[in-house]
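The lines below spell out each chain.
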Amino acid sequence: MFETTFSIIRIASFMLSKNKERRLALKYDRAGDTKARDNVVFGVVPLWARFVFSDVMKASVEVEGAEKVPSDRAVVFIANHQGNMDIPLLFGYINKPMTFVAKAELGKIPLLSDWMKLLQCTFLERKSPRKSIQAIHDAAEGVKKGYSQVIFPEGTRSKGGPHHEFKAGSFKLAFMAGAPIVPVTIDGTWRIFEGEGKVKKGQHVRLIIHDPIETAGLSKDELSKIPKEVENIVFAPLAQKESE
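Worth saying up front: this structure is predicted, and the values here are computed from it rather than measured.

### Quick word on the side chain of Gln 203
Next, step 1: Note on placement: Gln 203 falls in the loop between strand S6 (181–187) and strand S7 (204–209).
Next, step 2: Judged by its relative accessible area of 13%, Gln 203 is buried.
Next, step 3: When residues no more than four places from it in sequence are discounted, the contact partners of Gln 203 are Lys 58, Ala 59, Ser 60, Arg 191 and Ile 192.

### Description of the confidence of the model for the chain
Next, step 1: Per-residue confidence for the chain gives a mean pLDDT of 92; residues scoring 70 or more make up 98%.
Next, step 2: Helix H1 (residues 2–16) is the least confidently modelled element of the chain, averaging 85 in pLDDT, while S6 averages 98, the highest of any element.

### Examining the packing of aromatic side chains
Next, step 1: Under the criterion given, the structure shown has seven aromatic pairs.
Next, step 2: When the centroid spacing of 4.8 Å and the interplanar angle of 25° are considered together, the rings of Phe 14 and Phe 51 count as stacked. Placement of Phe 14 in helix H1 and of Phe 51 in helix H3 (residues 34–56) is noted, with a sequence separation of 37 residues between them.
Next, step 3: Between Phe 166 and Phe 171 the ring centres are 6.4 Å apart and the planes differ by 45°, which places this aromatic pair in the tilted class. Both residues of the pair, Phe 166 and Phe 171, count as buried.
Next, step 4: Taken together, the ring pairs in this structure connect Phe 166, Phe 171, Phe 175 and Phe 235 into an aromatic cluster.

### Structural notes on helix H6 (residues 129–144)
Next, step 1: Over its 16 residues, H6 runs 23 Å from end to end, which matches the ideal 22 Å to within 8%, given 1.5 Å per residue.
Next, step 2: Among all positions of H6, only Ser 132, Ala 135, Ala 139, Ala 140, Gly 142 and Val 143 are buried. Looking straight down H6, one finds that the buried residues subtend no more than 155° of arc, so they occupy a single side. Of the exposed residues in H6, the ones pointing more than 90 degrees away from its buried face are Arg 130, Ile 133 and Lys 144.
Next, step 3: Elements that come into contact with the buried residues of H6 comprise strand S2 (76–79), strand S3 (98–103), strand S4 (122–124), strand S5 (148–151) and helix H7 (172–177).

### Observations concerning the sheet that holds S5
Next, step 1: Read across the open sheet, the seven strands follow the order S1-S7-S6-S2-S5-S3-S4; overall the sheet is mixed. Two strands lie at the open edges of the sheet, namely strand S1 (60–64) and S4, each paired on one side alone. Neighbouring strand axes in the sheet, compared pairwise and without regard to direction, differ in orientation by 25° on average.
Next, step 2: Here S1 runs beside S7; their pairing, made up of five bridges, is parallel. Counted as the bridge partner of Glu 64 is Ile 208 from S7.
Next, step 3: Against the sheet, H6 makes contact with S2, S3, S4 and S5, and its axis sits at roughly 165° relative to S4, the strand it touches most.

Reading the values: the criteria
Residues numbered from 1 in each chain as written. Predicted model: local features only at pLDDT ≥ 70, side-chain atom pairs only at ≥ 80, totals over all residues. Heavy atoms only, no water. Helix = DSSP H or I, 4+ residues; strand = E, 2+ residues; numbered from the N terminus. Buried < 20%, exposed > 50% of the residue type's maximum accessible area, 1.4 Å probe, protein only. Contact = heavy atoms within 4.5 Å. pLDDT = per-residue confidence, 0-100. Phe/Tyr/Trp six-rings, centres within 6.5 Å; stacked < 30°, edge-to-face > 60°. Expected span 1.5 Å × (residues − 1). Arc of directions from axis to C-beta. Pairing = 2+ DSSP bridges. Axes fitted to C-alpha atoms, helices over the stretch in contact; angles between N-to-C directions.

What follows is the structure in structure tokens.
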């Protein structure tokens, strides 16, 4: 338990040490200088994410397929969801600025909420269908403006157990934006915390980036087949590993 508490303190302390950058980004945001704001935010967040993995968790990360991420446009990353370390993994080890749709409760946490808003996160109120739909529309508009999104269609963490079926509705964001979908396989993050309910350092994690799938210009029938196709792509490496 001490190790877990100490790790959380180190992670929070890193963000506290970036208060100067946070205030500067907020200043740019109020002034409407989105380019300057994004330069600050997307400079700090990947550093924080890598700090979490390499310095705090002492984890090693193996990345496959980094060259497959389109560099000229925003995309929607569709990934399996193993644990709490999935977001830091993606932010730290995929060389592309990105954001994500988050639970509304996270937008109420001091300090964290500032960074999430600056990161252009969209906050989702699950108890309100109307607001949930609006959040997806807002996130899609964000993609059109150039902010890549991360989606976990399982809806909850698998924690190392059997994966959950991808929810087809999670793909609406990509379809509305007409953005390419980049399937991503996450393997091993659950062992860092979810495996024993406490921090376990020194784990090896794999991040596999697959070929992009275009969504623009497809028919309704073609789009309807994409969720299952992406699910099969994402979980294929994990199924292969289990059979070895």
